Each structure stands twice: as structure tokens, then as C-alpha cells.
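One letter stands for each residue in the lines below.
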Amino acid sequence: MTQTIIGIDIGFGFTKATDGKDFLIFKSVYGEAVDLQIQEKLLGESNHDEHIQIEIDDTAYFVGELAERQSSNRSFTLDQKQFISSSSQVLALSALSKLVHEPTQSIKLVVGLPIGHYRQYKDELAEMLKKTHLFTAIDAHHQRIDYTITVTDVRVLPQPIGTVMDRLLGTLGMPKNQRFATDKIGIIDVGFRTTDYTISDKGRYSERGSLTTRNGISRAFVKISTKLKEACDIDIEIYRLFEAVDSGSIKIRGKSYDLKSVSEASFKQLATAIAADANTTWADDWDIDAIMITGGGGAVLAPYIESQLEGVTIPIQQDLDYRLHNVRGYLKYGLYTWQKGEA
Ligand SMILES: Nc1ncnc2c1ncn2[C@@H]1O[C@H](COP(=O)(O)OP(=O)(O)OP(=O)(O)O)[C@@H](O)[C@H]1O
Ligand SMILES: [Mg+2]
């Protein structure tokens, strides 16, 4: 029997997941679910696709956009320790509630951790996930589904390796791209909180040449929000800046503030720091064949970073949102690991 394999990439900014058919992406934010009667009024007109609500051990959570809009008690952390112990369970089960179709099912999971925490937390994370999870998902029409999901196997990968697996392996998990199996490739994964650097040497993760820094996109967002604070004396939670920065302006109390020049300057400055770290970290790795830039932040910063890197860059495939390359690679790695015998 083929078992369902699911890849989940729990980032500080977004949780990404796929079963190979569907991709799911939601903000890594969750909070207390509000009372049902209030919900009726609040949610009447909302977009039902976005509705992620689950109950674990009698605690009800709103997740993603729903939490951002409706929960008074939001939890959004940039602290790694807390992230693994509490947030990752809520976020992983939320993803499963959307991707698993049978209420009782066993699955295999591939998840990622930032390079800097890989060694320290990989066993803890695997242990937390590898068990039977009982939880309830509530849809926008208040329909409850009780899930009993048994996670029989867990693999934990260093996050940026997902992007390498995505290029190395085909959709059925079989190796397809020789270059990634023979070359030495540097990967820069720019996320929301962190930037990860690593080297894939002949398709294998090398701890040497690996580094995690705090130079994620949030660093630029902090600068932007400081400027806004100066301009209008409001503290904007940084995860609320995605859309504003994207559209180039933000409306606060009816007044529109232009964000284009401050975002551009902050992004350039961040890209310079990211490229400088790569050049330093890989100073002795002159035999690197090529460098790839991935992660959601990579989509924004790649042009600025590339021009300052010592080495040749290869663009990642443009067929998918940059944020999803790691998780597609996790899924392929799962297929490679667990189904190769069956093909
Ligand atoms: N369509 C989009 N919507 C929102 N953000 C986007 C989009 N495309 C690119 N981004 C950028 O992607 C970044 C998040 O990237 P990603 O999902 O890789 O981070 P993460 O994995 O959650 O963070 P970390 O790796 O630090 O844990 C955002 O900060 C934003 O700048
Ligand atoms: Mg990430």
C-alpha cells in the first residue's frame, strides 16, 4: 500500500506544505479562536478558503490570516526554542487538516529546520511529530471533523537542501538532474527571519560552509516599520507589512504613506549584508560550481544579491513561488526515500 507522503516547511513567516497535488501556504501566526456567535458576525463575508481553525487538547486556535484578523491573543514568535516546542505542532497540524482527506489516516512526513538549529533540534522535532495526533478541524460553516492522524515516519532536512532536492529529483522522486548529483552547489535561502547558507556537495549536505544569520526579510521590515513609527507614531506588527511593501504604500488612519523608497533602500542594504556573508563563509570554497538563491526573500532580493556575489549563480526554476521550492523538494525526498522500491 502506498502511504500518503507530505512535506511541511514551517518558516517563521509562512508555513508551506504539499502532498504533490496541492500546495498550501499560510502565515505562521495563530491565536485564540473567538466565540462562535461572534464568529458568525465576523466571518459572514470572509473568504472561506482561508479559514483554518483547529482544536488540540481542548484549546481552539485560529491560524494564518484568520488569526491575524480575528484573534486578540496572537502568537507570533521569532524565538526558535519556543517555535519548536509550541508553534510547530499547531502549524503542522493545521497544514495536515487541509491536506489529509481521510479523518483517520497514517502518513509519512518530511520537514525542514534552519541550518543553525538542525543538529540541536532535529530529533526533538521528529519525536514531537512521530505519533498519533488527535485534533479537530472546524470549517467556515462550523462543521467539525475529528482527525486521528498517525505519523509513522519523519525525516528532517536542513531547510535549503529542499531546493537542491527539488532540482535533483523528478516528480516521482527519481534522480533527474545529473548536475546536482555531481557538482558542488552553494545555496542561499532568504526567509522571513533567517538567511541560511549551505553547500550541497554531490547531492549531500555539508555542514562545513553552512551558516544561519538573522538577515531575513524581517530585518528590512523592522527598518520600514521604524520609519513608519517616526512618521505616524504607530507600531505596526511586522508580519502586517507584506502586502503594504508589495503594493508600495500603506494606509494608516485614512492617510496613505508611500513605502517605495524606504523599502528599496532597506532591501538593498540587506542584500549587501547577505552577499557579504556568502563571500566570507565560502571564501575557501573556491571550487563551488554555482550558487542558487531561494526562499521567499530570495524572490525579492535575488537581483541585488547576485551582482555582489563572487561566483556564478543559477536561477531557480521560475515555475513556482520562491517560497515553495524547499517544500516541493521535501516531498520529492520523501518519495525518493520511501517509494523508490515500489516504482
Ligand atoms: N507572494 C508573496 N507573498 C508574501 N510574501 C512573499 C511573496 N513572495 C515573496 N515573499 C517574501 O517571502 C518572504 C518569506 O519567505 P519564506 O516563506 O521563504 O520565509 P520563511 O521560510 O517563512 O522564513 P524563515 O526561513 O526565516 O523561517 C516574505 O518576507 C516576503 O518578503
Ligand atoms: Mg524558510
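Above this text you will find the structure in question.
The text that follows walks through the structure, step by step, so that each part is easy to find. (Residues numbered from 1 in each chain as written. Chains lettered and ligands numbered in written order. Predicted model: local features only at pLDDT ≥ 70, side-chain atom pairs only at ≥ 80, totals over all residues. Heavy atoms only, no water.)

Observations regarding the site of ligand 1
Item 1. Neighbouring residues of ligand 1: 16 residues in total, closest Phe12, Gly13, Lys16, Phe192 and Gly296.
Item 2. Between ligand 1 and Thr194 there is a distance of 2.8 Å, counted from an oxygen atom to a backbone nitrogen or oxygen.
Item 3. Within the side chain of Arg323, an N or O atom sits 3.1 Å from a nitrogen atom of ligand 1.
Item 4. Computed on the free molecule, ligand 1 has an accessible area of 650 Å², of which 84% lies beneath the protein chains in the complex.
Item 5. When contributions to the shell around ligand 1 are tallied by element, the ones reaching two or more residues are strand 2 (14-18) and helix 10 (296-306).
Item 6. When residues in the shell around ligand 1 are grouped by element, the largest group, 3 residues, is from helix 10.
Item 7. Grouping the constituent residues of the shell around ligand 1 by class yields 6 nonpolar, 7 polar and 3 charged. (Near = heavy atom within 4 Å. Polar contact = N/O pair within 3.5 Å; in protein donor to acceptor, adjacent residues only side chain to side chain. Areas by Shrake-Rupley, 256 points an atom, 1.4 Å probe, with all protein chains shown as cover. Helix = DSSP H or I, 4+ residues; strand = E, 2+ residues; numbered from the N terminus. Nonpolar A, V, L, I, M, F, W, Y, C, P; charged D, E, K, R; others polar.)

Re the nonpolar core
Item 1. Ranked by internal contacts, the top residues of the largest apolar core, which has 45 residues, are Ile188, Phe221, Leu241, Ile250 and Ile305.
Item 2. It is helix 9 (residues 260-281) that contributes the most residues to this core, 7 residues altogether.
Item 3. Counting the residues that make up this core, at least three belong to each of domain 1 (4-158) and domain 2 (182-216 + 263-316).
Item 4. When near neighbours in sequence (up to four residues on either side) are disregarded, Phe221 contacts Phe192, Ile238, Leu241, Phe242, Val245 and Phe267.
Item 5. Ranked by size, the runner-up nonpolar core spans 37 residues in total, among them Ile56, Tyr121, Phe135 and Ala137. (Core = buried A, V, L, I, M, F, W, Y, C linked by side-chain atoms within 4.5 Å. Buried < 20%, exposed > 50% of the residue type's maximum accessible area, 1.4 Å probe, protein only. Domains from an automatic or database assignment. Contact = heavy atoms within 4.5 Å.)

With respect to the packing of helix 5 (residues 161-168) against helix 11 (residues 325-339)
Item 1. Contact pair helix 5 / helix 11: the axes reach a minimum separation of 7 Å and the direction vectors enclose 60 degrees. For the pair helix 5 and helix 11, the crossing hand works out as left-handed. In contact with Gly162, Thr163, Met165 and Asp166 of helix 5, helix 11 contributes His325, Asn326, Arg328, Gly329, Tyr330, Lys332 and Tyr333.
Item 2. Here the residues of the contact of helix 5 with helix 11 are counted per class, giving 3 nonpolar, 5 polar and 3 charged. (Axes fitted to C-alpha atoms, helices over the stretch in contact; angles between N-to-C directions. Left-handed = near helix turned anticlockwise from the far one by under 90°.)

Some points on the environment of Leu168
Item 1. Checked against the element boundaries, Leu168 lands in helix 5.
Item 2. The exposure class of Leu168 is buried, given its relative accessible area of 11%.
Item 3. Distance from Leu168 to Arg179, taken between C-alpha atoms, is 7.9 Å for residues 11 residues apart in sequence.

A closer look at the side chain of Thr136
Item 1. You can see Thr136 is positioned in strand 9 (residues 132-138).
Item 2. Judged by its relative accessible area of 9%, Thr136 falls in the buried class.
Item 3. Polar contacts involving the side chain of Thr136 include one to the side chain of Asp146, which spans 2.7 Å.
Item 4. If we skip the residues at most four places from it in the chain, Thr136 touches Gln53, Ile54, Glu55, Arg144, Ile145 and Asp146.

Thoughts on the pairing of strand 8 (residues 104-113)
A regular strand places its side chains so that they alternate between the two faces of the sheet.
Item 1. Burial runs high along strand 8: 8 of the 10 residues are buried.
Item 2. Relative to strand 8, strand 1 (residues 4-10) runs parallel, the two being bridged by 5 bridges. Counted as the bridge partner of Ile5 is Lys108 from strand 8.
Item 3. Alignment of strand 8 against strand 10 (residues 144-158), held across 10 bridges, turns out to be parallel. Of the residues in strand 10, the one forming a bridge with Leu109 is Val154. (Pairing = 2+ DSSP bridges.)

A closer look at the side chain of Ser97
Item 1. Position of Ser97 relative to the elements: it lies in helix 3 (residues 80-99).
Item 2. A polar contact is formed between the side chain of Ser97 and the backbone oxygen of Ser94, at a distance of 2.7 Å.
Item 3. Setting aside chain neighbours within four positions, we find Ser97 in contact with Ile54, Phe135, Ala137 and Tyr147.

Section: unusual backbone geometry
Item 1. A positive phi angle, close to 65 degrees, is found at Asp58, a residue other than glycine.
Item 2. In this fold, Asp58 is placed in the loop between strand 5 (52-56) and strand 6 (59-63).
Item 3. Even without glycine at this site, Asp233 takes up a positive phi of about 55 degrees.
Item 4. Tracing the backbone through its elements, the reader meets Asp233 in the loop between helix 7 (217-232) and helix 8 (241-247).

Remarks on helix 7
Residues separated by three or four positions in an α-helix point in the same direction, a consequence of the helix having 3.6 residues per turn.
Item 1. The end-to-end C-alpha distance of helix 7 is 22 Å, a good match for the 22 Å that 16 residues give at a rise of 1.5 Å each.
Item 2. For helix 7, the complete set of buried residues consists of Ile217, Ser218, Ala220, Phe221, Ile224, Ser225, Leu228 and Cys232. With its buried residues spanning 150 degrees around the axis, helix 7 presents them on a single face.
Item 3. Considering only its buried residues, helix 7 is in contact with strand 11 (184-190), helix 8, strand 14 (249-252), strand 15 (255-258), helix 9 and helix 10.
Item 4. The positive-phi residue at the C-terminal boundary of helix 7 is Asp233, with phi of around 55 degrees. (Expected span 1.5 Å × (residues − 1). Arc of directions from axis to C-beta.)

Here we look at the pattern of salt bridges
Item 1. Inspection of every chain in the model, using the stated rule, returns 18 salt bridges.
Item 2. Glu55 is the salt-bridge partner of Arg144, the closest N and O atoms lying 3.0 Å from each other. Of this pair, Arg144 sits in strand 10 while Glu55 sits in strand 5, placing them 89 residues apart in sequence.
Item 3. Note on Arg144: relative accessible area 48%, which makes it partly exposed.
Item 4. Among the salt bridges present, the one from Lys268 reaches Glu264, with a minimum N-O distance of 3.3 Å. With Lys268 and Glu264 both in helix 9, this residue pair falls 4 residues apart, about one helical turn.
Item 5. Take Lys268: its relative accessible area is 41%, and that puts it in the partly exposed class.
Item 6. Residue Glu264 is classed as partly exposed on the basis of its relative accessible area, which comes to 37%.
Item 7. Via salt bridges that share partners, Asp166, Asp319, Arg328 and Lys332 belong to a single interconnected network. (Salt bridge = Lys/Arg side-chain N within 4 Å of Asp/Glu carboxyl O.)

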